[in-house]
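Fold and geometry: a report
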Amino acid sequence: MKRLYYLADNIDDVERISEDLHAEGITNWRFHVLSRDDAGLYNHQLHAANPIQRCDMIHRGEQGAMIGLLAGCFAGYFALQLTPTGSDIHWMTFVAVIVLFTMFGTWVGGLAGLSHENYKISQFHDALDSGKYLIMVDARRHEEPRVRANMNQYHPEASYVGVDSVFTNPLAHLHPTNHL
């Protein structure tokens, strides 16, 4: 599934786009609008982006898990080599140390991500601050051409600004590919 990104200047255009895409079979679960005007989205009954799409909680949590896993492996290895208790450490202790470090890293990363903008939408920060509306449409592979054709034909006021996967990549800091 791909996420298509469009920018629109006013909320009335976004509302018409929402109605047209719903008529095409795109449900609210796959149509999200990000704006600094949350009250306007609510008043127009538009499906606003959720906190997972707004903040970087998942991405940073995945990064934290990788760091925690690595730190847990080192800590477990040193615990096995140094045997701080004076006796051999059971292999389950090694696994428990890795799991605990990984869980802690995930937790810390997720908390840190709550205070950061999602890395996939950060390139639209200035446009959002200037009052524009970011429309995110999650389209299945067979739906993408139909959604893009619909947007091009009926909604030229919404500019196409990129496409990306709906999944996060903990190793990436890349932004949606611009296909203009």
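Quick summary incoming for the structure in this document. (Residues numbered from 1 in each chain as written. Predicted model: local features only at pLDDT ≥ 70, side-chain atom pairs only at ≥ 80, totals over all residues. Heavy atoms only, no water.)

1. Structural notes on the packing of aromatic side chains
For the coordinates displayed, the defined rule picks out four aromatic pairs. With centroids separated by 5.8 Å and ring planes inclined at 65 degrees, the aromatic side chains of Tyr77 and Phe78 adopt a geometry described as edge-to-face. Phe78 sits in the partly exposed class, given a relative accessible area of 45%. For Arg148, the ring lying beneath its charged end belongs to Tyr160, and the centroid distance is 4.3 Å. (Phe/Tyr/Trp six-rings, centres within 6.5 Å; stacked < 30°, edge-to-face > 60°. Buried < 20%, exposed > 50% of the residue type's maximum accessible area, 1.4 Å probe, protein only. Lys NZ or Arg CZ within 6 Å of the ring centre and 35° of its normal.)

2. A word on unusual backbone geometry
As a rule of thumb, non-glycine residues mostly have phi less than zero, and peptide bonds are mostly trans rather than cis. The backbone of Gln45 sits at a positive phi, close to 55 degrees, despite the residue not being glycine. Relative to the assigned elements, Gln45 resides in the loop between helix H2 (38-43) and helix H3 (51-54). (Helix = DSSP H or I, 4+ residues; strand = E, 2+ residues; numbered from the N terminus.)

3. Description of the nonpolar core
It is characteristic of soluble globular proteins that their nonpolar side chains tend to be buried jointly. In this structure, Leu4, Leu21, Phe31, Ile135, Val137 and Val147 are the most contacted members of the largest nonpolar core, which totals 21 residues. Elements supplying a minimum of two residues to this core: strand S1 (2-8), helix H1 (11-23), strand S2 (31-34), strand S3 (133-139), helix H7 (144-154) and strand S4 (159-165). Those residues in contact with Val137 that sit more than four places away from it in its chain are Lys2, Arg3, Leu4, Leu21, Ile26, Arg30, Phe31 and Val147. Counting 11 residues, the second-largest nonpolar core is a separate cluster that includes Tyr5, Leu7, Ile121 and Leu134. (Core = buried A, V, L, I, M, F, W, Y, C linked by side-chain atoms within 4.5 Å. Contact = heavy atoms within 4.5 Å.)

4. Some thoughts on the sheet that holds S1
Pairing within the open sheet is antiparallel, and its four strands lie in the order S2-S3-S1-S4. The sheet is open, and its two edges are formed by S2 and S4, each paired on a single side. With strand direction ignored, the average angle separating the axes of adjacent strands in the sheet is 20 degrees. As paired elements, S2 and S3 share four bridges and run antiparallel to each other. (Pairing = 2+ DSSP bridges. Axes fitted to C-alpha atoms, helices over the stretch in contact; angles between N-to-C directions.)

5. Details of a nonpolar patch on the surface
A surface patch of nonpolar side chains, about 700 Å² in accessible area, is lined by Trp91, Met92, Val95, Val99, Leu100, Phe101 and Met103. Structurally, the position occupied by Leu100 is in helix H5 (residues 91-113). Of the residues examined, Leu100 reaches a relative accessible area of 56% and is grouped as exposed. (Patch = residues over 30% accessible without salt bridge, like charges linked within 9 Å, V, L, I, M, F, W, Y side chains within 5 Å. Areas by Shrake-Rupley, 256 points an atom, 1.4 Å probe, with all protein chains shown as cover. Salt bridge = Lys/Arg side-chain N within 4 Å of Asp/Glu carboxyl O.)

6. Section: H7
For H7, the set of buried residues is Glu144, Val147, Asn150 and Met151. What you see down the axis of H7 is that its buried residues fit within an arc of 135 degrees, all on one side. When the buried face of H7 is taken as reference, the exposed residues oriented beyond 90 degrees from it are Pro145, Asn152 and Gln153. On its buried face, H7 sits against S1, H1, S3 and S4. (Arc of directions from axis to C-beta.)

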